[in-house]
Amino acid sequence: MEICRREDKLEISELDPFLAELLRQIPASANPEGTPTAEQRLFSPPAGPREREICAEWKLYVQPELRRLFRTATETVAADLEQLSGNEKTFANRTLRIPAKHADAWLSALNQARLVIAAKYNFTDGELCDHYRSPIGSRRDLSLFQVNFYGFLQEFILREVSDCPGKNSD
Amino acid sequence: MSWQPRRGSAEVAQSERSEGAISISNQNANPATVEAPVIEQETRSEEDLDLPWQVIVHNDPVNLMSYVTMVFQRVFGYPREKAERHMLEVHHKGRSILWSGMRERAELYVQQLHGYLLLATLEKIG
């Protein structure tokens, strides 16, 4: 896999089927439904339990906004990932081009996915810091690899965003 | 994103007047009765009495350090060095106080931080 910036796009090329599939999993992985710990992590309380008024207003007014914000980001990413759907036989050398103005949506969706997966599997700090764990022998190992792969993409996007401030905005 | 403004804060300001009359005698002038000055006893608004609040970001092993730094720069407008200092404080000490001030602003900051998926809370000082 190669990753670089070309003009106003971030380009991920030489995508093998495995990594392409992991990319396609981003929107689904970012969905916390059915996992209370993931839901709690994405929508954490804004204050301690003693601040009941703040927490109640937050649930009423802010949480729906946050849900909308997160959903918009994953929808943008899902639309970009349409490039990877199609003939599976030509998957081997797929290239994904992400418009630079979608960088924030990608950062958000990747973060959502990482947080949801980590909450689902309850990864320890040690596991999350073990970037060289191999081979993948279980669903848990695969999910940890997914978290690290998405983190790698985030790092790349962040570097591009900070190198070219303002270019990511609509 | 928008945040419903907190109600009942600035609306409670009111003033009470103490009125009365006092006698003033002056050796060079005829005694006269003048109206006492109006003493305004202003009840301070709830907002004025509100203790400052602080915005706290808590450690999270999943969020990338570079990402957290970027969020602090964007939300608080901190220069990179200051944002990194706070990020490292979160990382090493488990939490960092990013800002302190009035409640509504603190709520807005926490809302923005949650929009970036950081673990953030507001707490009353004291």
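Refer to the structure printed above.
Residue numbers here run from 1 along each chain, matching the order of that chain's written sequence. Working convention: letters from A go to chains and numbers from 1 go to ligands, in the order in which they are written. Per-residue local features are limited, in this predicted model, to residues with pLDDT of at least 70; the limit for side-chain atom pairs, both in listing and counting, is 80 or more; totals at the level of whole chains, interfaces and linings are taken over all residues.

A.B. asks: Whenever I open this one, the sheet that holds strand β3 (residues 94-99) of chain A confuses me. Can you help?
C.D. replies: Hydrogen bonds between backbone groups are what pair the strands of a sheet, and the pairing can be parallel or antiparallel. Residue and element names in this part refer to chain A. Any two strands between which DSSP finds at least two bridges are classified as paired. Here a strand is any run of E in DSSP of at least two residues, a helix any run of H or I of at least four, and the numbering for each starts at the N terminus. One open sheet holds the three strands; their spatial order is β1-β2-β3, and the pairing between them is antiparallel. The open sheet has two free edges, formed respectively by β1 (2-6) and β3, since each of these has just one partner strand. Across the sheet, the mean angle separating the axes of adjacent strands is 20 degrees when strand polarity is ignored. Between N-to-C directions, angles cover 0 to 180 degrees, with each direction set by a line fitted to C-alpha atoms, over the stretch in contact for helices.

A.B. asks: Can you help me understand the packing of helix α2 (residues 65-76) of chain B against helix α3 (residues 80-93) of chain B in this one?
C.D. replies: Two quantities define a packed helix pair, namely the angle between the axes and the distance from one axis to the other. All names here are of chain B. Axis separation between α2 and α3 bottoms out at 8 Å; the angle between their running directions is 130 degrees. Classified by the interaxial angle, the pair formed by α2 and α3 is oblique. Regarding α2 and α3, the two cross each other, and that crossing is right-handed. Contact residues: Met65, Val68, Thr69, Phe72 and Gln73 in α2; Arg80, Ala83, Glu84, His86, Met87, Val90 and His91 in α3. A breakdown of the residues in the contact of α2 with α3 according to their chemical character gives six nonpolar, four polar and two charged. Roughly parallel covers angles under 35 degrees, roughly antiparallel covers those over 145, roughly perpendicular covers 65 to 115, and oblique covers all other angles. Note on convention: near helix rotated counterclockwise from far helix by under a right angle means a left-handed crossing. Clockwise means right-handed. Contact between two residues is assigned when their C-beta atoms, built from the backbone, lie within 7 Å. Side-chain classes follow a simple rule in which Ala, Val, Leu, Ile, Met, Phe, Trp, Tyr, Cys and Pro form the nonpolar group, Asp, Glu, Lys and Arg form the charged group, and the remainder, Gly included, forms the polar group.

A.B. asks: What exactly am I supposed to notice about the environment of Phe145 of chain A here?
C.D. replies: Residue and element names in this part refer to chain A. Secondary-structure assignment places Phe145 in helix α7 (residues 139-163). With 17 C-beta atoms packed within 10 Å, Phe145 lands in the partly exposed category. Residues Phe145 and Ile157 lie 12 residues apart in sequence; the distance between their C-alpha atoms is 18 Å. Burial in this document is a count-based property: other C-beta atoms within 10 Å of a residue's C-beta are tallied, and the residue is buried at 20 or more, exposed at 12 or fewer, or partly exposed in between, with C-beta positions derived from the backbone.

A.B. asks: What am I meant to see in the environment of Asp125 of chain A here?
C.D. replies: Residue and element names in this part refer to chain A. Within the element layout of this structure, Asp125 appears in helix α6 (residues 125-129). Using a count of 10 C-beta atoms within 10 Å as the deciding quantity, one classes Asp125 as exposed. For the pair formed by Asp125 and Asp16, sequence separation is 109 residues and the distance between their alpha carbons is 29 Å.

A.B. asks: Got a minute to help me understand the packing of helix α4 (residues 52-81) of chain A against helix α5 (residues 103-121) of chain A in this structure?
C.D. replies: All names here are of chain A. Relative to each other, α4 and α5 sit at 105 degrees, their axes nearing to 8 Å. By the criterion of interaxial angle, the relationship of α4 to α5 is roughly perpendicular. Judged by residue contacts, Phe70, Ala73, Thr74, Thr76 and Val77 of α4 engage Ala105, Trp106, Ser108, Ala109 and Gln112 from α5.

A.B. asks: Looking at this model, I keep getting lost on the nonpolar core. Mind explaining?
C.D. replies: Nonpolar side chains tend to gather and get buried jointly when the protein is soluble and globular. Here, a nonpolar core denotes buried Ala, Val, Leu, Ile, Met, Phe, Trp, Tyr and Cys residues that are linked to one another through C-beta atoms within 7 Å. Among the nonpolar cores identified, the biggest contains 60 residues, and Ala109 of chain A together with Val55 and Leu113 of chain B are the most heavily contacted of them. Top contributing element to this core by residue count: α5 of chain A, with 10 residues. When near neighbours in sequence (up to four residues on either side) are disregarded, Val55 of chain B contacts Leu98, Trp99, Ala106, Tyr109, Val110, Ala120 and Leu122 of chain B.

A.B. asks: Even after reading the chapter, I still don't get the interface of chain B and chain A, so can you show me in this structure?
C.D. replies: Interfaces are often sized by the accessible area lost when the parts come together. If you look at the interface, chain B gives 20 residues, while chain A gives 23 residues. Contributing elements (two or more residues each) for the side of chain B that touches chain A: α2, α4 (103-115) and β7 (120-124) of chain B. For the side of chain B that touches chain A, the element with the highest residue contribution is α4 of chain B, accounting for four residues. Taken together, the residues of the side of chain B that touches chain A break down into 11 nonpolar, eight polar and one charged.

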